[in-house]
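An overview of the molecular structure
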Amino acid sequence: MFGLEKGRLKPHKHRMSETASAASKKLHIKTYGCQMNVYDSERMADLLRPLGYAVSDQAEGADLVLLNTCHIREKAAEKVYSEIGRLKVMRQEKEARGEGRMTIAVAGCVAQAEGEEIMNRAPAVDLVVGPQAYHQLPELIARTTRAKGERLKADFAPEDKFDALSTERQASGPTAFLTVQEGCDKFCTFCVVPYTRGAEWSRPVASILEEARSLASKGVREITLLGQNVNAYNGREADGEESTLPRLMQALSEIEGLDRIRYTTSHPNDMTDELIRAHAENPAVMPYLHLPVQSGSDKILRAMNRKHGRQAYIDLIARLKAAVPNIALSGDFIVGFPGETEKDFEDTMDLIRTVGYASAFSFKYSKRPGTPAAAMPGQVDEAVADGRLQALQALINEQAQAFKASLVGQTIDVLFEKPGRYGQQAVGRSPWLHAVFAEDAAHLIGQIVPVKIVGVGNNSLIGELEKVHA
Ligand code: SAH
Ligand code: SF4
Ligand code: F3S
């Protein structure tokens, strides 16, 4: 952990007037990790735009490179250092060309967890800024160009950040992320998030609605509400009352143009009846739910401190399916958690067969410094974990393919998002988050259109427009 400078820096909400006068500088942001980092990267770009920074998809020649990092697994965290090495070379080349200095900044969860170590291990880094402090980037960057070596880590004051951020958003297509909740109080024994993102905190309803209206006015039709435990959302209403996620989604669905709402990630214990009902009663709430369980073994769930058992999860899924027959499920799984035996793993495979997933993310357990599981006995052999991961992914893949195949012949609503690979092809999203490719659909980008599914790709569906839209 490194020196905390929590000086109250002025919010910078109204800088639009600076845009015209500022010289154009190139900003490259590389984002690792979860959707919340994707959201944060967009917001960092929003903050820096008024200072004359235009986003570039190339690091080469950039005046400012921001690495928005992830600490969740060792591999993700290690990537940062190799990336910094690459940037150092680019910086030298840029300077040799007489194009001025490249500023290198590290943001995100690695910055929060090991900022001091980054500054020591990678002297090329100009500044380090944690996920709750990035609203102070404009000031930091200004200072860095004068004197190198600023480090800033806000200790978990997300309200300060959201107060400083404008609710005005740029849209980069018909879908967008919107963070409504941050942090986690669950303390699963394997996980760093409670340490990198702090305690659970929910944004007030009014500011979320404002941001959503800004997005909708720019053509956004589908928003994904983000939170580490988004279904625990309890932000304040205008009258000071605590809201809930289903109530928030109701208000959002009344915004003109916002036709689809998703949310991620949820914890099974916060899956209320009211939220299940929202799936059945609010047509904007998509029939898709990412509900990580991590393991199907009661013993492992206990060791993970997931705070529920196998049967409770299976029962919850049954209630969901009864209320929302067309719901598709997705999950996260960890294999090779300390103490996981072949029997425990079989319990996980059995749970997957019982539940049936449309998709899932699965990971080999990664030992994270400072987490309780890192000190647990019975660390699982790498090769054994590899084998389990492969078997689990094969099963999930089979289920995902079967679900897609079941859609062939059906007509489903697709939100067209962007041009496809060639010609007038466009690619959109099914209600269940599949990519759907359709010919002669480029003119329909931004619209929700019925599409007949005629085939299945590896990670996608092939659709045909109904005659009336062609
Ligand atoms: N708040 C969310 C997401 C947390 S991180 C949730 O509760 O599901 C996303 C996923 O990364 C987790 O669900 C878990 O499957 C995985 N993960 C977290 N820590 C990990 C670790 N130490 N090793 C392997 N996978 C991990
Ligand atoms: Fe990590 Fe568990 Fe919190 Fe999810 S619920 S962020 S896995 S501690
Ligand atoms: Fe990674 Fe931080 Fe997200 S650790 S998964 S970027 S909350």
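Counting restarts for each chain: residues are numbered from 1 in the order of the written sequence. Each chain gets a letter, beginning with A, and each ligand a number, beginning with 1, in the order they are written. Reporting in this predicted model follows two pLDDT cut-offs: at least 70 for local features of residues, and 80 or more for side-chain atom pairs to be given and counted; totals over whole chains, interfaces and linings ignore these cut-offs and use all residues. Note: side-chain values were computed over all heavy atoms of the structure, leaving out hydrogens and water.

If you check an unreviewed UniProt entry, the protein chain appears there as tRNA-2-methylthio-N(6)-dimethylallyladenosine synthase from Asticcacaulis excentricus. UniProt positions are given in the numbering used here, feature names are shortened, and annotations may be inferred rather than shown by experiment. What UniProt records for the protein chain under Subcellular location (unreviewed entry) is the sentence "Cytoplasm". UniProt, in the comment section headed Subunit (unreviewed entry), describes the protein chain in these words: "Monomer."

1. Points about the sheet that holds strand 17 (residues 435-438)
Only strands joined by at least two bridges in the DSSP assignment are considered to pair. Starting at the N terminus, helices and strands are each numbered in turn, a helix being any DSSP run of H or I of at least four residues and a strand any DSSP run of E of at least two. Pairing is mixed around the closed barrel formed by five strands, whose spatial order is 15-16-17-19-18. Here the strands of the sheet are splayed against their neighbours by 55° on average, with no regard to which way each runs. Note that strand 18 (residues 448-456) and strand 19 (residues 460-465) share five bridges and pair antiparallel. In the sheet register, Gly455 faces strand 19, and the bridge partner there is Ile462. Along the sheet face, helix 14 (residues 382-407) touches strand 18 and strand 19 and points at about 115° away from the line of strand 18. Here an axis means a line fitted to C-alpha atoms, over the contact stretch when the element is a helix, while the angle between two N-to-C directions is reported on a 0 to 180 degree scale. When checking whether two residues touch, look at their non-hydrogen atoms; a contact exists if any pair is within 4.5 Å.

2. Here we look at unusual backbone geometry
At the junction of Thr264 and Thr265, the peptide bond is cis and its omega measures out at 5° in the coordinates. The residue Thr265 is located in the loop between strand 11 (260-264) and helix 10 (273-281) in this model.

3. Remarks on the site of ligand 2
Around ligand 2, the neighbouring residues are Cys184, Lys186, Phe187, Cys188, Phe190, Cys191, Val193, Pro194, Asn229, His267 and Arg306. Tallied by class, residues from the shell around ligand 2 come to seven nonpolar, two polar and two charged. Near, as used in this document, describes a residue that has one of its heavy atoms within 4 Å of the molecule or strand being considered. When residue character is reported, Ala, Val, Leu, Ile, Met, Phe, Trp, Tyr, Cys and Pro are called nonpolar, Asp, Glu, Lys and Arg charged, and the others, Gly included, polar.

4. What about the nonpolar core?
Ranked by internal contacts, the top residues of the largest apolar core, which has 51 residues, are Ile223, Leu225, Leu252, Tyr263 and Tyr357. Domain ranges listed in this record stem from an automatic or a database domain assignment. Two domains each provide a minimum of three residues to this core, namely domain 2 (167-267) and domain 3 (287-405). Put simply, buried Ala, Val, Leu, Ile, Met, Phe, Trp, Tyr and Cys residues joined by side-chain atoms within 4.5 Å make one nonpolar core. The cut-offs for exposure are 20% and 50% of the maximum accessible area for each residue type, with area from a 1.4 Å probe on protein chains only; residues under the lower value are buried, those over the upper are exposed, and the others partly exposed.

5. Focus: the UniProt feature "binding site: [4Fe-4S] cluster 1" (unreviewed entry) in the protein chain
Those residues carrying the UniProt feature "binding site: [4Fe-4S] cluster 1" (unreviewed entry) are Cys34, Cys70 and Cys109 in this numbering. What stands out for the annotated residues spanning 76 residues is how close their C-alpha atoms remain, the widest pair being 10.4 Å apart. With respect to the helices, strands and loops of the structure, Cys34 is situated in the loop between strand 1 (25-31) and helix 2 (35-48). Position of Cys70 relative to the elements: it lies in the loop between strand 3 (64-69) and helix 3 (74-96). Overall, the relative accessible area of 11% leaves Cys70 in the buried class.

6. Regarding the environment of Ile300
Within the secondary structure, Ile300 sits in helix 11 (residues 298-303). A relative accessible area of 1% places Ile300 in the buried class. Not counting residues up to four positions away in its chain, the partners in contact with Ile300 are Ser295, Phe337, Pro338, Gly339, Glu340 and Asp344.

7. Points about the packing of helix 13 (residues 342-355) against helix 14
For the pair helix 13 and helix 14, interaxial distance at closest approach is 10 Å and the crossing angle is 10°. Overall, the two elements helix 13 and helix 14 adopt an arrangement that is roughly parallel. Taking contact as the criterion, the partners of Glu342, Phe345, Thr348, Met349, Ile352 and Arg353 in helix 13 are, on helix 14, Arg388, Ala391, Leu392, Leu395, Ile396 and Gln399. Orientation is classified from the angle alone, with under 35 degrees giving roughly parallel, over 145 giving roughly antiparallel, 65 to 115 giving roughly perpendicular, and any other angle giving oblique.

8. Here we look at the packing of aromatic side chains
Note on aromatic pairs: the rings of Phe, Tyr and Trp (six-membered ring only in Trp) are paired at centre separations within 6.5 Å, and the planes decide the class, stacked below 30 degrees, edge-to-face beyond 60, tilted for the rest. As enumerated under the stated definition, the model contains six aromatic pairs in all. Residues Phe162 and Trp201 carry aromatic rings whose centres are separated by 5.9 Å and whose planes lie at 20° to one another, so their mutual orientation is stacked. Linking Phe162 in helix 6 (residues 158-164) with Trp201 in strand 9 (residues 201-202), this pair joins segments that are 39 residues apart in sequence. The exposure class assigned to Phe162 is buried, which follows from its relative accessible area of 9%. By way of ring pairs, the aromatic residues Phe190, Phe337 and Tyr365 are connected into one cluster. Ring-over charges, as used throughout, are those where CZ of Arg or NZ of Lys falls within 6 Å of the ring centre and within 35 degrees of the ring normal. The ring of Phe363 carries Arg73 above its face, with NZ or CZ at 3.7 Å from the centroid. The residue whose ring lies beneath Arg121 is Tyr81, and the NZ or CZ to ring-centre distance is 3.6 Å.

9. A closer look at the UniProt feature "domain: TRAM" (unreviewed entry) in the protein chain
Mapped onto the present numbering, the UniProt feature "domain: TRAM" (unreviewed entry) falls at residues 405-467. The span residues 405-467 is 5% helical and 51% strand by assignment, and the distance between its end C-alpha atoms comes to 23 Å.

10. Some words on the domain arrangement of the protein chain
Looking at the protein chain, the domain boundaries give domain 1 (12-156), domain 2 (167-267), domain 3 (287-405) and domain 4 (411-469). Placing a centre on the C-alpha atoms of domain 1 and another on those of domain 3 gives a separation of 35 Å. Taken together, the contact between domain 1 and domain 3 spans five residues of the former and four residues of the latter. Here's the idea: put two parts together, see how much 1.4 Å probe accessible area each one loses, and the total over both is what we call buried area. In total, about 430 Å² of surface goes out of reach between domain 1 and domain 3, with carbon and sulfur atoms giving 47% of it.

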